[in-house]
Amino acid sequence: MNTLSHLECSRCLKRFDKGLPHNLCECGGPLLVRYDLGKARDNWNRDWLQRAPSTMWRYAPVLPVSRPENIVSLGEGFTPLLRSRRTAARIGARDLWIKDEGMNPTGSFKARGLSCAVSMAVELGIKKLAIPSAGNAASAMAAYAASAGLEAHIFMPRDVPQSNYIECKAYGAHVTLVDGLISDCAKIVAERKDGEGWFDVSTLKEPYRIEGKKTMGYELAEQFQWALPDVIFYPTGGGVGLIGMWKAFQEMETLGWISSKRPRMIAVQAEGCQPVVRAFNEKTERSEFWQEAQTLASGLRVPKPLGDFLILEAVRFSEGCAIAVSDEELLNAGVQLATDDGLFVAPEGAACVAALEKLLASGFLKPEEKIVIYNTGCGLKYLEAYSTRFPRQSGGEEGKLGGLITPR
Ligand SMILES: *Cc1c(COP(=O)(O)O)cnc(C)c1O
Ligand SMILES: [Zn+2]
């Protein structure tokens, strides 16, 4: 069963028909997918999930694909929700959980969005996909495009983590390294897509990635027996996951699955690129382009998120906040988390741990609150970043190996 109804502009509320490829509304607003939730409510209920697949496609009735054979899946979603004990004790939180998205195909939660987007490309007959990416979205798109037999054209910063570059090449994508940021990559895709016949899969310019990412919200509710936590920490680049989860909460309330209680949403950014934090502090509706964005948490290096107003709306409505941490703080937090809890997380996920420490110390959060941190990627994808913490010694056994692995 599928209950997709139509698409709707998030700014001017204009309606768009399903069954056709869409990017942004003429007004510049991202499109949101709408379902006939009344029909979903009548024909589907939570108990069905006991027999559903152990992937994000268990929520298929509220996902946009209408024919199951179009689903392109590599096993994404249904990731572990782990209780942290030792980190929790160290920082003074009594009920701390980590949703480990690093377990997804291609090692990040981008798999959810791209599984959905590529499935919809198949359903809509699109053959050539193009994406500007800070790294992990590129890897995920390359993998799903390979699985679906579609062409993938990838534009990412030249200094993207090595893992992302190698993955994309291995998946057979057409890769262009750009001297610049994701915003520069986006310009190139926008300029060339019509001439080349590419469909633009940019964050929020493509309406279905957010649908894949919203499954993190459904899953969290299911894993906590349909009671959402008090607080959610989300490492925010384009903010798709945060916007998606916020949308999922609304949908689940309409379905009668959860109450109207919402977690406080905490948007975490890096000091070297914090447009959402600045807008939050200055109480503006939109963010401003962050000049000379720089952070080794590459997924957070998004100088001007297209959906900034949606991120800020969720953060403000939920009485959460937006907060930035330095690269040094987030790397330290990442290493400490690995040492304490055996979880080697992406720098983006580690940023949330550093931010949580600050908000507990300041009294913004109370020790007894139920807190969930999204670790959005696997630490193994960021060996260059973590290598700065563990330089190899010369001499001895390591020295011999060091001769083969040239330090930068
Ligand atoms: C893309 C990415 C983010 C940011 O995600 P958004 O939903 O775009 O805010 C965070 N962490 C990692 C590992 C990412 O790849
Ligand atoms: Zn519009």
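Residues numbered from 1 in each chain as written. Chains lettered and ligands numbered in written order. Predicted model: local features only at pLDDT ≥ 70, side-chain atom pairs only at ≥ 80, totals over all residues. Heavy atoms only, no water.

## A closer look at the packing of helix H7 (residues 209-223) against helix H8 (residues 240-255)
So, step 1. Following both chains from N to C, one finds H7 and H8 inclined at 60 degrees, their axes separated by 7 Å at the closest point. Judged by the angle between their axes, H7 and H8 are oblique. Handedness of the H7/H8 crossing: right-handed. Residue-level contacts link Arg-209, Ile-210, Glu-211, Lys-213, Lys-214, Met-216, Gly-217, Tyr-218 and Ala-221 of H7 to Val-240, Gly-241, Ile-243, Gly-244, Met-245, Lys-247, Ala-248, Phe-249, Glu-251, Met-252 and Leu-255 of H8.
So, step 2. Grouping the amino acids of the contact of H7 with H8 by side-chain chemistry returns 11 nonpolar, 3 polar and 6 charged. (Axes fitted to C-alpha atoms, helices over the stretch in contact; angles between N-to-C directions. Helix = DSSP H or I, 4+ residues; strand = E, 2+ residues; numbered from the N terminus. Parallel < 35°, antiparallel > 145°, perpendicular 65-115°, else oblique. Left-handed = near helix turned anticlockwise from the far one by under 90°. Contact = heavy atoms within 4.5 Å. Nonpolar A, V, L, I, M, F, W, Y, C, P; charged D, E, K, R; others polar.)

## Brief notes about the coordination of the zinc ion (ligand 2)
So, step 1. In the first shell of the zinc ion (ligand 2), the protein supplies Cys-9 (SG), Cys-12 (SG), Cys-25 (SG) and Cys-27 (SG), at 2.3 Å from the metal.
So, step 2. Considering all 4 donor atoms around the zinc ion (ligand 2), the spread of angles at the metal, 100 to 118 degrees, places the coordination shape in the tetrahedral class.
So, step 3. Classification of Cys-12 by relative accessible area gives partly exposed; the value is 43%. (Donors = N, O, S within 2.8 Å, 3.2 Å for Na, K, Ca; no water. Tetrahedral: all angles 85-135°; square planar, octahedral: opposite > 155°, others 65-115°. Buried < 20%, exposed > 50% of the residue type's maximum accessible area, 1.4 Å probe, protein only.)

## So, the packing of aromatic side chains
So, step 1. On inspection of all chains with the given rule, the structure shows 11 aromatic pairs.
So, step 2. A ring pair is formed by Phe-109 and Tyr-234, whose centres lie 6.0 Å apart and whose planes are at 50 degrees; its orientation type is tilted. In this pair, Phe-109 sits in the loop between strand E5 (95-100) and helix H3 (110-123) while Tyr-234 sits in strand E10 (residues 231-235), placing the two residues 125 residues apart along the sequence. Neither Phe-109 nor Tyr-234 differs from the other in exposure class; each is buried.
So, step 3. Each ring, one from Trp-226 and one from Trp-257, has its centre 5.2 Å from the other, and the planes form 75 degrees; the classification is edge-to-face. With Trp-226 in the loop between H7 and E10 and Trp-257 in the loop between H8 and strand E11 (264-270), this residue pair connects regions lying 31 residues apart in the sequence.
So, step 4. Across from the ring centre of Phe-309, 4.3 Å away, lies the NZ or CZ of Arg-11, which sits over that ring. (Phe/Tyr/Trp six-rings, centres within 6.5 Å; stacked < 30°, edge-to-face > 60°. Lys NZ or Arg CZ within 6 Å of the ring centre and 35° of its normal.)

## What about a nonpolar patch on the surface?
So, step 1. A surface patch of nonpolar side chains, amounting to about 290 Å² of accessible area, comprises Phe-344, Leu-380 and Leu-383.
So, step 2. Along the chain, the position of Leu-383 falls in helix H13 (residues 383-387). (Patch = residues over 30% accessible without salt bridge, like charges linked within 9 Å, V, L, I, M, F, W, Y side chains within 5 Å. Areas by Shrake-Rupley, 256 points an atom, 1.4 Å probe, with all protein chains shown as cover. Salt bridge = Lys/Arg side-chain N within 4 Å of Asp/Glu carboxyl O.)

## Re the sheet that holds strand E1 (residues 4-9)
So, step 1. A sheet is described by the order of its strands in space; here 3 strands give the open sequence E2-E1-E3, paired in antiparallel fashion. The open sheet has two free edges, formed respectively by strand E2 (15-16) and strand E3 (31-35), since each of these has just one partner strand.
So, step 2. Looking at chain direction, E1 and E3 are connected through 5 bridges and run antiparallel. Bridge pairing in E3 links Leu-7 to Val-33. (Pairing = 2+ DSSP bridges.)

## A short note on unusual backbone geometry
So, step 1. One non-glycine residue, Leu-13, lies in positive phi territory at about 65 degrees.
So, step 2. Of the residues examined, Leu-13 reaches a relative accessible area of 55% and is grouped as exposed.
So, step 3. Backbone geometry at Trp-226 places phi at a positive 65 degrees, although glycine is not the residue there.

## A look at empty space enclosed by the protein
So, step 1. Tallied over the entire structure, the rule returns 1 cavity of 30 Å³ or more.
So, step 2. The space that makes up the largest cavity amounts to roughly 30 Å³.
So, step 3. The wall of the largest cavity is formed by Ala-117, Met-120, Ala-121, Leu-124, Ile-126, Phe-199, Glu-206 and Tyr-208.
So, step 4. Of the residues forming the lining of the largest cavity, the biggest block, 3 residues, is contributed by H3. (1 Å grid on protein atoms, 1.4 Å probe; cavity = no way out; pocket = protein on both sides within 12 Å on 5 of 7 lines; lining within 4 Å. Points joined across faces, edges and corners; volume = space filled by probe spheres on them.)

## Description of the site of ligand 1
So, step 1. Around ligand 1 sit 16 residues in total, of which Lys-110, Tyr-234, Gly-237, Gly-239 and Thr-376 are the nearest.
So, step 2. Note that an oxygen atom of ligand 1 is positioned 3.1 Å from one of the backbone N or O atoms of Gly-241.
So, step 3. Protein coverage of the free-state accessible area of ligand 1, which is 380 Å², stands at 96%.
So, step 4. Counting atoms within 2 Å of the grid points, the majority share of ligand 1 lands in the second largest pocket.
So, step 5. Per-class residue counts for the shell around ligand 1 are 5 nonpolar, 8 polar and 3 charged. (Near = heavy atom within 4 Å. Polar contact = N/O pair within 3.5 Å; in protein donor to acceptor, adjacent residues only side chain to side chain. Sits in = over half its atoms within 2 Å of the grid points.)

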